[in-house]
Amino acid sequence: SGYTGKASIKVISRFLRWPPDFLRRRWPEIVDFAHLEEVDDLGLPPDSLEYNQERTKRLLLSAVMHLDASVYAVFKGFAGPDEKMFERCSEVLRQRQQEGCAIVHTAGKVADLAAYCQEAILFEDGAPIVRGRLGLVASVMLERREAAKEKAAGAWRFGRGLLADG
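Please read all numbers here as calculations on a predicted model, not as lab measurements. (Residues numbered from 1 in each chain as written. Predicted model: local features only at pLDDT ≥ 70, side-chain atom pairs only at ≥ 80, totals over all residues. Heavy atoms only, no water.)

**Some thoughts on the overall build of the protein**
Secondary structure summary: the protein contains seven helices and four strands in total. Ordered by position in the sequence, the α and β elements of the protein form the string α-α-α-α-β-α-β-α-β-β-α. The buried share among the 166 residues of the protein stands at 34%. In the protein, of all internal contacts separated by at least 6 residues, the share reaching a separation of at least 24 is 49%. (Helix = DSSP H or I, 4+ residues; strand = E, 2+ residues; numbered from the N terminus. Buried < 20%, exposed > 50% of the residue type's maximum accessible area, 1.4 Å probe, protein only. Contact = heavy atoms within 4.5 Å.)

Here it is in structure tokens:
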């Protein structure tokens, strides 16, 4: 890719239409929050693609945490397996939420949601299925997940039976 982390973030910031002076004003804070020295502890060769991708991902997450937004969209696995970065980002998101920002979180785990909300909405195929207290939504989510697993297992058994009979 040949880009440095900063150059990559500049390209992304233009694509996402961030304020033109945002990176110039906030770059020292972004770099500090990213804790790039932690990437060195991962044991990746400094000239490897993975090393540069990890640094760029940290810089991008850090930049997003420094935006002044009213809504933050958080996607499943947004910080990857990097627990330290996940905790720093989560703390910022909790603070933003207390300031009145909305957090839209697509989570695969209820524990990921518990850090941000007491109420949730479960969607399936783009339609809301249930809305309410997190505990209620979590139980419906788990029931639907189990039903889907049972259905898939039944279909597999049925298919195996046909193959065995054939």
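More follows now that the structure is in view.
**Some words on unusual backbone geometry**
Of note in this structure, R17 is not a glycine but carries a positive phi near 60°. Inspection of the secondary structure puts R17 in the loop between α1 (5-15) and α2 (22-34). Note on R17: relative accessible area 77%, which makes it exposed.

**Side note on the environment of V130**
By the secondary structure assignment, V130 is in strand β4 (residues 127-133). Contact partners of V130, with chain neighbours within four places excluded, come to A120, I121, L122, L136, V137 and V140.

Read these as layout, nothing more, since geometry by itself doesn't imply function.
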